[in-house]
Amino acid sequence: MNTIKELEIKAVEIRKIMLQMIHDAGAGHTGGSLSSVDILVSLFYNKMKHDANNPNWDERDRFLLSKGHSVEGYYSVLADSGYFPKEDLSTFSKFKSELIGHPNKNVPGVEMNTGSLGHGLPIGVGMALGAKKLGNPCTIYVLMGDGELAEGSIWEAAMAASNYKLDNLIAIIDRNGLQISGCTEDVMSLENLKEKWAAFGWDTVEVDGNNMQSLIEGLDIAKKRKGKPQMIIAKTIKGKGVSFMENVPTWHHGVPSKEELEQALKELDNSLKELM
Ligand SMILES: Cc1ncc(C[n+]2csc(CCOP(=O)(O)OP(=O)(O)O)c2C)c(N)n1
Ligand SMILES: [Mg+2]
């Protein structure tokens, strides 16, 4: 997909699919999935080299969902991209389904099991280092949560990535300001986040993570820069796209009732009408 409008429409459609999934399953992480949908869409439908018909293509760009709890948007994007049938999404979180509540490597398109926070970036560092050594031109993308940055393993990986000058590694922070139990700045303060990553030897760029134009520009900047690992700090709103879910901490793993789902889908349909 090439136009911003097409990507914006896709992001609303993905939000509708994932909310239906969470409702049907009676479980899920709603807020952080909604905040990161635009990031996923900008990657999978515009920036990343990948092929749903050949998920193991050696030169594909790799994507790791380090904030693995936000799996609903991820599975929706993979199904919509053709990695597996869309009908499978209705089995999410059900007995015997491969679509379990955190990314599962048995699902086509998923590179690594994640969900225990703090592991995606270290794995991404290993992949980026391996790709450099093998002369594989792929880029490794890692999406992290801001609350996730409280994990010490993230900062070990940050140090290693700059030590090895991994400019084939582009990490993105979903900076929605909330984690499971409240504001990141109350639970474990992160600011000044940009300066922290710069001090660890990374190039940084700040974008509006719920604005497609801003995301695409930020990803282009990161892709062009050379010599250092790249950090995109994407300012987002947790629960983005559904008015009564936005910035409300309990929607971290809140599940919409039938009435709430109807209301949410109505709002998203209105967003679609405005875009079309
Ligand atoms: C190692 C580990 N500790 C605790 C948890 C439980 N947990 C799941 S989500 C979450 C909060 C994450 O916040 P953030 O990274 O900001 O995610 P987002 O706001 O994007 O949903 C926590 C503590 C976990 N999954 N892994
Ligand atoms: Mg967060």
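You'll find the structure just up there.
Now for a look at the structure at hand. (Residues numbered from 1 in each chain as written. Chains lettered and ligands numbered in written order. Predicted model: local features only at pLDDT ≥ 70, side-chain atom pairs only at ≥ 80, totals over all residues. Heavy atoms only, no water.)

Let us look at the overall build of the chain. The helix and strand tally for the chain stands at nine helices and seven strands. Computed over C-alpha atoms, the radius of gyration of the chain comes to 17 Å, within 12% of the 19 Å expected from 2.2 N^0.38 for 276 residues, which places it in the range of a compact globule. By its C-alpha atoms, the chain is 50 × 45 × 40 Å across when sized along the principal axes. Residues classed as buried in the chain amount to 52% of the 276 residues present. A separation of at least 24 residues holds for 75% of the contacts in the chain among residues at least 6 apart in sequence. Put simply, the chain shows about 11,800 Å² of open surface, and 52% of that area lies on carbon and sulfur atoms. Averaging the positions of the 30 positive and the 37 negative side-chain charges in the chain gives two centres separated by 4 Å. (Helix = DSSP H or I, 4+ residues; strand = E, 2+ residues; numbered from the N terminus. Rg over C-alpha atoms; globule rule 2.2 N^0.38 Å. Buried < 20%, exposed > 50% of the residue type's maximum accessible area, 1.4 Å probe, protein only. Contact = heavy atoms within 4.5 Å. Areas by Shrake-Rupley, 256 points an atom, 1.4 Å probe, with all protein chains shown as cover. Lys, Arg positive; Asp, Glu negative; His and termini not counted. Charge placed at Lys NZ, Arg CZ, Asp CG, Glu CD.)

This paragraph deals with the coordination of the magnesium ion (ligand 2). Each protein donor to the magnesium ion (ligand 2) is listed here as Asp146 (OD), Asn176 (OD1) and Leu178 (O); together their distances run 2.1 to 2.2 Å. In primary sequence terms, the donor set of the magnesium ion (ligand 2) follows D-x29-N-x1-L. Pair check on accessibility: Asn176 and Leu178 agree, each one buried. (Donors = N, O, S within 2.8 Å, 3.2 Å for Na, K, Ca; no water.)

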